[in-house]
Amino acid sequence: MPTIKISRAQNGSAALDYALGKNRLKDSDKEYLIKHGVDQKIVDNLHNRAVVQQSYNLIDINHAKAEMKQTRAIANNRGKTQCMRFIQSFADYEINVNDPQDWKKANDIGVEIAKKIAPDNEFAIYTHIDGDGHKVHNHIIMNMTNLETGKKYHHTNDFTRVAKFNDELAEKYFPMNRNIHVQNKIERKTMAERKLKAKNQYIWKDDLRHRIDSVMLHENCTSKLQFEHALKEKGVIYRERGKNCSYSFLDAHNKQRTSRGNKLGQDYEKETIHDELVGQNNKIQFRKQRADRQEYIRNFNRQPEANTRKPKLYSRRARQGHNFAEYYYQPTLQRTEFLETNHRKTKQYDEQARQSYQTARTEQPDLSRTQSTLNALFERIRRNLRAAIKYEIQRIKEVTKRALSKLDSFFMDDRLSDEGYSNIQNNITDNHLDMNKSIKELKQQRDVFKQTDQKYQISKKRKIIDQESPNFKRQQRRQRMRGPHL
């Protein structure tokens, strides 16, 4: 399965120059191709590091730098990142480095993934065959500017989406090589390990793998503690770190080495080790049970008097069952008595609640009649008080108006003496005092009515609310009700 990497290029021109590698193909790479059967004429025509090149959304790939730069200038895209760089690598069993037709196939796959990543951006795809392992890989350079919107490519946390496209293309082009890829994941070997192995030199990771394998092959290793103890005897220290684990030991050169399980391979990760330990434990338990069963059968066949012992055996088993039932039956009786007591009390509470409800239903009509009577009484008091206040105010206004009109007529007829004027003035003052007194009395009556109104909580609907009722506290939480204004 091809792998892919993503990086940012702050200098787009430098990224394109490196990907093209004009006149930079090494002679050692050409010799490697000739040695492995590539046609001499094809090798003589190779000068650049990129053996195949294509473009997408570019007019001419030979002027890729100028076109991408002009696009960024027109869209006024400024920032540190000018281009994105995708490196897509293929395994030997997927793309053959010695077949020029596979070079073109790898480049076509690079163009196809470029269309999926950003269909409205400019791409330059270059295929390389150089490197230590001579693996065919693509350098895909993408301009950051979108040709349709003019906005920059959003590259934050985009690896998951690009990796998904890469896996889809792998399923399309290399469906038969998936099992090979899964097998290669069992042991992860770097390029440095492969070089050392080719030279028959010591590889400390292989030494570590061999020590772990020797412990895992031992059948008595069925738990994590046994596994750690066995590794210590081999000179390896095992530690768990979250979802992964690590191994530390002194190699053949007496140098301290440490490696995580996922760096050694899938067989050396924490979950795989745990599953193998559980499997070995289950296997041992199964063997033990089968051996016990066979031993029991052998012992049973050796005793001819086994049939004569059956009644005793059955009676003993029955006695054991009786003792077991008698031992566990007592708590059951206690729980039954507890439940019966609770049920009896619940019935009593239910009967009391039913009686209280019937009593309230019988007293409800009397309470309703009393409530209606009080409502009518307070309504009559309110009506009479309003009428009295209205009458007193009207009378005082009429008397005052009559006195003022008489005073004006006297002034108009010049028939008012000083004594008469003082008498009229005194009468008006007395009437004014009487009016103030009457208003004061009315206010006192109004205060008395307010106190009565607050005591019985007369609502706007003119209904009396009893303070002893169950709904009184709930209604008190609402906005406080006030009596009607006079």
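Residues numbered from 1 in each chain as written. Predicted model: local features only at pLDDT ≥ 70, side-chain atom pairs only at ≥ 80, totals over all residues. Heavy atoms only, no water.

## Focus on the pairing of strand β7 (residues 244-250)
Side-chain positions along a regular strand alternate between the two faces of the sheet.
(1) Moving on: Most of β7 is tucked away: six of the seven residues are buried.
(2) Moving on: In this structure, the hairpin formed by strand β6 (residues 236-241) and β7 is closed by a connection of two residues, where Gly242 is found at a positive phi of approximately 65°.
(3) Moving on: The pairing of β7 with strand β8 (residues 256-260) spans five bridges and is antiparallel. Paired with Ser248 across the strands is Thr258, a residue of β8.
(4) Moving on: What sits between the antiparallel neighbours β7 and β8 is a turn of five residues, in which Asn254 has the positive phi angle 60°. (Buried < 20%, exposed > 50% of the residue type's maximum accessible area, 1.4 Å probe, protein only. Helix = DSSP H or I, 4+ residues; strand = E, 2+ residues; numbered from the N terminus. Pairing = 2+ DSSP bridges.)

## Overview of the sheet that holds β7
(1) Moving on: Ordered by their spatial adjacency, three strands build an open sheet running β6-β7-β8, and the pairing between neighbours is antiparallel. Unpaired on one side and paired on the other, β6 and β8 mark the two borders of the sheet. Across the sheet, the mean angle from the axis of one strand to that of its neighbour is 20°, orientation sign disregarded.
(2) Moving on: With six bridges connecting them, β6 and β7 associate as antiparallel partners. Residue pairing in the sheet places Tyr238 in a bridge with Tyr247 of β7.
(3) Moving on: Running at roughly 110° to β7, helix α9 (residues 204-216) makes contact with β6, β7 and β8 of the sheet.
(4) Moving on: Relative to the sheet, helix α10 (residues 224-233) contacts β6 and β7, its axis offset from that of β6 by approximately 140°. (Axes fitted to C-alpha atoms, helices over the stretch in contact; angles between N-to-C directions. Contact = heavy atoms within 4.5 Å.)

## As for the confidence of the model for the protein
(1) Moving on: A residue-level look at the protein finds 71% of positions with pLDDT of 70 or above and a mean pLDDT of 77.
(2) Moving on: Taken together, the stretch residues 456-463 has pLDDT below 50 and engages in 19 contacts with residues farther than four places along the chain or on a different chain.
(3) Moving on: In the model, residues 479-486 has pLDDT below 50 throughout and makes twelve contacts with residues more than four positions away in sequence or in other chains. (pLDDT = per-residue confidence, 0-100.)

## What to know about the packing of aromatic side chains
(1) Moving on: Across all of its chains, the model carries six aromatic pairs by this definition.
(2) Moving on: Between Tyr56 and Phe123, the aromatic rings sit 6.2 Å apart at their centres with planes inclined by 45°, giving tilted as the arrangement. Linking Tyr56 in strand β2 (residues 50-56) with Phe123 in strand β4 (residues 123-128), this pair joins segments that are 67 residues apart in sequence. Summarising the burial analysis for this pair, Tyr56 and Phe123 share the class buried.
(3) Moving on: Judged by centre distance (5.5 Å) and plane angle (55°), the rings of Tyr238 and Tyr247 are tilted.
(4) Moving on: Residue class for Tyr238 comes out buried when judged on its relative accessible area of 9%.
(5) Moving on: For Tyr247, a relative accessible area of 0% gives the class buried.
(6) Moving on: A connected cluster of aromatic rings, assembled from ring pairs, spans Phe90, Tyr173 and Phe174.
(7) Moving on: The residue whose ring lies beneath Arg49 is Tyr18, and the NZ or CZ to ring-centre distance is 4.7 Å. (Phe/Tyr/Trp six-rings, centres within 6.5 Å; stacked < 30°, edge-to-face > 60°. Lys NZ or Arg CZ within 6 Å of the ring centre and 35° of its normal.)

## Remarks on the packing of α9 against α10
(1) Moving on: One way to put it is that α9 packs onto α10 with a least axis distance of 10 Å and a crossing angle of 135°. Regarding the angle of α9 to α10, the classification is oblique. The crossing of α9 and α10 is right-handed. Along the contact surface, α9 presents Arg211, Ile212, Val215 and Met216, while α10 presents Phe227, Ala230 and Leu231.
(2) Moving on: Taken together, the residues of the contact of α9 with α10 sort by class into six nonpolar, no polar and one charged. (Parallel < 35°, antiparallel > 145°, perpendicular 65-115°, else oblique. Left-handed = near helix turned anticlockwise from the far one by under 90°. Nonpolar A, V, L, I, M, F, W, Y, C, P; charged D, E, K, R; others polar.)

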